[in-house]
Amino acid sequence: MGPRLPALLKDAALTAFVAAALGLFIVGFRTVDIGSTKGLSFDYQFVDLAIAVAAIFVGRLGLSMAAEGQRWPALILGGILGVVGVSSVNLPSTFLHWFVGLAGLLVIGRTLWPSADRALSRARQSPGGRTVGRIGARWLGGILLACAFLMPMMPFADQKTMDLGVLILTYVMLGWGLNIVVGLAGLLDLGYVAFYAVGAYSYALLSTQYGLGFWSVLPLAGAFAATFGLVLGFPVLRLRGDYLAIVTLGFGEIIRLVLINWVDLTNGPAGVGDIPGPTLFGAVFAETAPPGHRTFSQMTGIPFDGTQRLIFLYYIILGLALITNLFALRMRRLPVGRAWEALREDEIACRALGLNPTNIKLTAFAIGAMFAGFAGSFFAAKQRFISPESFVFIESAIILAIVVLGGMGSQIGVVLAAVLLIGLPEWFRDLGNYRMLVFGLAMVLIMVFRPRGLIAHREPSVRLHAAPPGGGG
Amino acid sequence: MAYFSQQLINAITLGAIYGLIAIGYTMVYGIIGMINFAHGEVFMIGAFISLIGFMICSLLGIGSAPLAILLVLLLAMAFTAVYGWAIERLAYRPLRGSFRLAPLISAIGVSIVLQNYVQLAQGARPKPGGQIVSGGYNLFSADGFDVRVTWLQIIIVAVTLVLMTGFTWVIARTPLGRQQRACEQDMKMAALLGVNVNKTISLTFVMGAALAAVAGMLFLMYYGVIDFFIGFLAGIKAFTAAVLGGIGSLPGAMLGGLLIGLIEVFWAGYFSSEYKDVAVFAILVLVLIFRPTGLLGKPEIEKV
C-alpha cells in the first residue's frame, strides 16, 4: 500500500464530498406532487444518495490506486463494487445496482487497461497484426453489408426486428449524411434535423395535397432540403465553427417553431396524417389498393403478408443509405472532397492556397442537407404520420452523437455507433429512461478519452506519398 | 402609452434574468474561447435548488420573505457553483488543447446529462414554486389601464443590479479579476507570470454558475413554475444576448440581455407570441452575420 495511502484517501474523500454536495438537493430531496392542489412535498432519498456517494468514494480510491500502479488493491475495490452491484443486496433501486456495478467495472477496466492496451498495440504493430487489421478493415464493411442484405430473409426477422432494422438504417443514413458535414468538412451542424424535417414535410404535403408519389417526391425533397441548406449556409458559413453550431441550432428551432405555428400549411402540432407509403412500380403494400393502383400481391401473385411492407421499406432505406455512403466515399476522392478535408484541417492554409472556404463549405452543407431530405421523406413515408414532435433538437444531438461516437469521418464507425446507440436501448427496454443519460455521458467520455472516436478516421483521404503516417496537419 | 410602459417594465425584468445568465457565457467565452453549452442547464439546476431551498425554508418555518430569499439565494449560489466547478473539472479541462470542436461537443453531452439527471431525480412534471412575494405598486393609470410594477419585479432588477455591479468590480479591481483578464489575453504568458491558470478558469466557471443560480431563483419566483427543460431555451436566449452585446464583454452581456428581453416582450405584445422565439433566433442569426463582434465586442483576429 505504501505511504501514499493517506493522500489517496483524502483525494477520494474530497471527491465524495463534492459528489455529496452535487447530489444533496437534486437527488436527496425529491419533490413530488401532492394531489391536484398546488404544492409539492419531499420524498427524501438520503439513503440512495449515501450509497451513491459511498460508491463514488470507493470508485475514486480504486481509480487513483490503479493510476498509481497498485493493481491488486484497485482490483479488490473494483471487485467489491462489482459484487455489490450484481448481488441481491437490497439496494433501494435498480438504478443504484447499475451505478455501483458499473463503478466496479470502471475500476477493474481502468486497472487492466494499460496491460490490455499494451498487448493490443503490440499485436497491432506486429506484421501479422497489420495484415489482419488491413483485411479486417476491408472485409468488415463487406460482412456488415452482406448481413444487412440477408437480414430480412433470416428466420428471426419478425416484425419487431424489421422495425428496428429500418430504424437503425435510418439513423445510419442520417449519420452518413451528417458525416459529410461534420466529419469531412468539419462544420458542426446542430440543426441537422431541420433538413430532415424539410424532407419529411415536403413528401407529406406534396403527397397528401397534390397526390404525388414517393419516388417522384424523393428527388424533390432532397432538392428542397439542399436549397434550405444553401439559403441558410450562404450567410452563416463565414462564421467560426462554434458560432456556426449555435446558428444551425437556432435555425433548427426556427424550422420547428414555424412547423408548429404555420397551421394553414402544416396543420400545426396536430401533424400530417394519412401519408401514402412508397410503391413498387405502382403497386402498393396493403391488403386493398386505392383506386388506380394495384396491390403488390395482385401484381406478383404472392399472397399478402403484413411484413412485406416492412421488408420493402427496409430495402429502400438500405439502398438510400448505401447511396449516401457511396456518394460520400467517392466525393472524398474528388477535388471538392479533398478541399473539405483540407478545410477541416486548416482553414487559414486553405485560404492561402486560394480555395474559397465559403463555397466549399456550402457544397458540404447542401449535400449533407440533401441526404437529410431524402431520409426525411423516407421517414414520412414509413411513419405515415409526422408532427413537429419528431424534429426536436435532441434528434440532432443523437445523430451528432452517432457521428462523434463512430469517429468523425469514419463511415463504418457510424454504422457501429448507430447499432450501439439506437439498437441497444431498443433491445434493453429497461434502459429506456436512462438512454439519454447514457448518450450524454458517452459524448463527454468519448471527447475526454478518445476524441477521435471509437473507430477513428480523421486522416485526410489523400496524402502526398512521402508523408509519414499519422503526421499532423 | 400605458400598454407600452407596462411592456417596458416586463421587458426590463426579463432582460435582467437573461443578462445574469449571459454573463456566464460571456466570461467563459472570454477566458477560454468556448461556448459553454451546458450553462443553460446550470441555470435550470439553480432554479431547482432554489425551489427545494424555498420548500425547506417553509418546512423550517422561516416566514419572513426577505430572509427566505436571502438564504435561498446564498444556498443556490453555493451549490450551483459546485456544479459549475465540477463540469469544468470533469468535462472541459481534460479537453484543453484537443481539437477545436471537442469542448463544444462535450458541453452538449453535459447538457443532455444534466437534463436527464434532473428529470430522473426530480420527475418530468412541471414543478409549481408557489408565490413568495406578492403585491406591487401602481405607477399610473391611463386609458383605463393600470401600469403596475410588482415588488417581485423590483427585487429582480435590484438583485441583478447589485450583482452585476459587484461582479464588474471584481473583474475590474481585484487580483482575481486581474488574473482573469490576464488569462483572457494570453493564457500562456499569464501562466509564465505566475497566474494559476487552472484555478482562475475554475473560478470563472464558479462565478458564472453562481450568477446563473441567481437567475434561476429569480426565474422561479417570476414564473412560479419550472421543469427540467427550461435551461435549453433560456440558455439559447442568454447566449443570443451575449452575442448581441459582444461576446467576451461584461457590459455587453447586460446590454444584450436587456435588448433580448425587450425584443421578446415587445414582439409578443405587438406581433405574435407564437413567433417570439423565432424573433430571438432570427436576431441571433442576423447579428452573427452582420456584426459578429456584437455591439460592444472587440474584433477578433485569428492568428495562425
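Residues numbered from 1 in each chain as written. Chains lettered and ligands numbered in written order. Predicted model: local features only at pLDDT ≥ 70, side-chain atom pairs only at ≥ 80, totals over all residues. Heavy atoms only, no water.

Trainee: It is not clear to me how the overall build of chain B should be interpreted in this structure. Could you clarify?
Mentor: If you tally the helices and strands in chain B, you get 11 helices and 4 strands. The C-alpha atoms of chain B give 19 Å as radius of gyration, which agrees with the globular expectation for 304 residues (19 Å, within 12%). Summarising its shape, the C-alpha atoms of chain B cover approximately 65 × 50 × 35 Å along the three principal directions. As displayed, chain B has an accessible area near 12,300 Å², and 67% of this comes from carbon and sulfur atoms. Charged side chains of chain B number 17 positive and 12 negative; the gap between the two group centres comes to 12 Å. (Helix = DSSP H or I, 4+ residues; strand = E, 2+ residues; numbered from the N terminus. Rg over C-alpha atoms; globule rule 2.2 N^0.38 Å. Areas by Shrake-Rupley, 256 points an atom, 1.4 Å probe, with all protein chains shown as cover. Lys, Arg positive; Asp, Glu negative; His and termini not counted. Charge placed at Lys NZ, Arg CZ, Asp CG, Glu CD.)

Trainee: Any chance you could explain the packing of helix 2 (residues 46-68) of chain A against helix 4 (residues 94-125) of chain A here in plain terms?
Mentor: Residues and elements named next belong to chain A. Interaxial distance between helix 2 and helix 4 falls to 9 Å at its minimum, and their mutual angle equals 5°. As the angle between them shows, helix 2 and helix 4 are arranged roughly parallel. Packed against helix 2, whose contacting residues are D48, I51, A52, A55, I56, G59, G62, L63, A66 and A67, the element helix 4 presents L96, F99, V100, L106, V107, R110 and T111 at the interface. Residue composition of the contact of helix 2 with helix 4, by class: 12 nonpolar, 3 polar and 2 charged. (Axes fitted to C-alpha atoms, helices over the stretch in contact; angles between N-to-C directions. Parallel < 35°, antiparallel > 145°, perpendicular 65-115°, else oblique. Contact = heavy atoms within 4.5 Å. Nonpolar A, V, L, I, M, F, W, Y, C, P; charged D, E, K, R; others polar.)

Trainee: What exactly am I supposed to notice about helix 10 (residues 250-271) of chain B here?
Mentor: All names here are of chain B. With 22 residues, helix 10 should reach 32 Å at 1.5 Å per residue; the first-to-last C-alpha distance of 31 Å fits that figure. In this structure, the buried residues of helix 10 make contact with helix 1 (2-32), helix 5 (151-173), helix 9 (230-245) and helix 11 (276-290). At the N-terminal end of helix 10, a side-chain oxygen is found 2.9 Å from the backbone nitrogen of G252, two or three residues along, and the residue is S249. (Expected span 1.5 Å × (residues − 1). Polar contact = N/O pair within 3.5 Å; in protein donor to acceptor, adjacent residues only side chain to side chain.)

Trainee: Help me understand the interface of chain B and chain A, please; the structure alone is not making it clear to me.
Mentor: Size of an interface, as often reported, equals the accessible area lost when the parts are brought together. Taken together, the contacts link 67 residues of chain B with 60 residues of chain A. Taking both sides of the interface into account, the surface hidden between chain B and chain A amounts to around 5,600 Å²; carbon and sulfur atoms contribute 77%. Per-residue buried area on chain B facing chain A is highest for I105, I112 and L120 of chain B; these three make up 10% of the total on that side. Scanning the region where chain B abuts chain A turns up 0 salt bridges. Run the count over chain B and chain A and you get 7 residue pairs in polar contact (both at pLDDT 80 or more). Secondary structure elements with two or more residues in the side of chain B that touches chain A: helix 2 (39-60), helix 3 (65-92), helix 4 (102-122), strand 1 (127-128), helix 9 and helix 11 of chain B. Looking at the side of chain B that touches chain A, the element that brings in the most residues is helix 4 of chain B, giving 15 residues. Along the lines of polarity and charge, the residues of the side of chain B that touches chain A split into 50 nonpolar, 9 polar and 8 charged. (Buried area = accessible area lost by both parts, 1.4 Å probe. Salt bridge = Lys/Arg side-chain N within 4 Å of Asp/Glu carboxyl O.)

Trainee: What am I meant to see in the pairing of strand 3 (residues 145-150) of chain B here?
Mentor: Looking down a regular strand, the side chains alternate between one sheet face and the other. All names here are of chain B. Looking at chain direction, strand 2 (residues 136-142) and strand 3 are connected through 6 bridges and run antiparallel. Its bridge partner lying in strand 3, N138 is registered against R148. Linkage of strand 2 to strand 3, two consecutive antiparallel strands, is achieved through a turn of 2 residues, within which D143 is found at a positive phi near 50°. (Pairing = 2+ DSSP bridges.)

Trainee: Looking at this structure, I do not really get the environment of V225 of chain B. What am I missing?
Mentor: By the element assignment, V225 of chain B lies in strand 4 (residues 225-226). Along the chain, V225 of chain B and G130 of chain B lie 95 residues apart, while their C-alpha atoms are 7.9 Å from each other.

Trainee: Whenever I open this one, the side chain of T266 of chain A confuses me. Can you help?
Mentor: All names here are of chain A. Its place among the elements puts T266 in helix 10 (residues 263-266). By relative accessible area, which is 3% here, T266 ends up buried. Contact partners of T266, with chain neighbours within four places excluded, come to Y201, L259, G271 and V272. (Buried < 20%, exposed > 50% of the residue type's maximum accessible area, 1.4 Å probe, protein only.)

Trainee: Just checking my understanding: could you explain the packing of aromatic side chains for this structure?
Mentor: Geometrically, a pair of aromatic rings is defined through the distance of the ring centres and the angle of the planes. Enumeration over the complete set of coordinates arrives at 35 aromatic pairs over all chains. Measuring from ring centre to ring centre gives 5.9 Å for F393 of chain A and F37 of chain B, while their planes differ by 35°; the resulting arrangement is tilted. Linking F393 of chain A in helix 16 (residues 393-406) with F37 of chain B in the loop between helix 1 and helix 2, this pair reaches from one chain into another. Exposure class is identical for F393 of chain A and F37 of chain B. Each is buried. Centre to centre, the rings of Y92 of chain B and F205 of chain B are 5.6 Å apart; their planes meet at 45°, and the pair counts as tilted. Of this pair, Y92 of chain B sits in helix 3 while F205 of chain B sits in helix 8 (residues 197-223); the two residues are 113 residues apart in sequence, bridging distant segments of the chain. (Phe/Tyr/Trp six-rings, centres within 6.5 Å; stacked < 30°, edge-to-face > 60°.)

Trainee: For this particular structure, what's the right way to read the pattern of salt bridges?
Mentor: Close approach of charged atoms allows side chains of opposite charge to pair. Residues and elements named next belong to chain B. What the rule picks out here adds up to 10 salt bridges over all chains. The shortest N-O distance in the salt bridge between R93 and E88 comes to 3.4 Å. By relative accessible area, E88 is classed as buried at 0%. Note that K237 is salt-bridged to D277, the shortest N-O span being 2.8 Å. Taken together, the residues span a long stretch of sequence, with K237 in helix 9 and D277 in helix 11 at a distance of 40 residues. Accessibility classification places K237 together with D277 in one group, the buried group. Taken together, the shared-partner salt bridges in this structure form one network comprising K237, E264, K276 and D277.

Trainee: Even after reading the chapter, I still don't get the confidence of the model for chain B, so can you show me in this structure?
Mentor: Parts of the model with low pLDDT should not have their predicted coordinates read in detail. Per-residue confidence for chain B averages 88 on the pLDDT scale, and 98% of its residues sit at or above 70. If you check the scores for this complex, the pTM reads 0.87 and the ipTM reads 0.87. (pLDDT = per-residue confidence, 0-100.)

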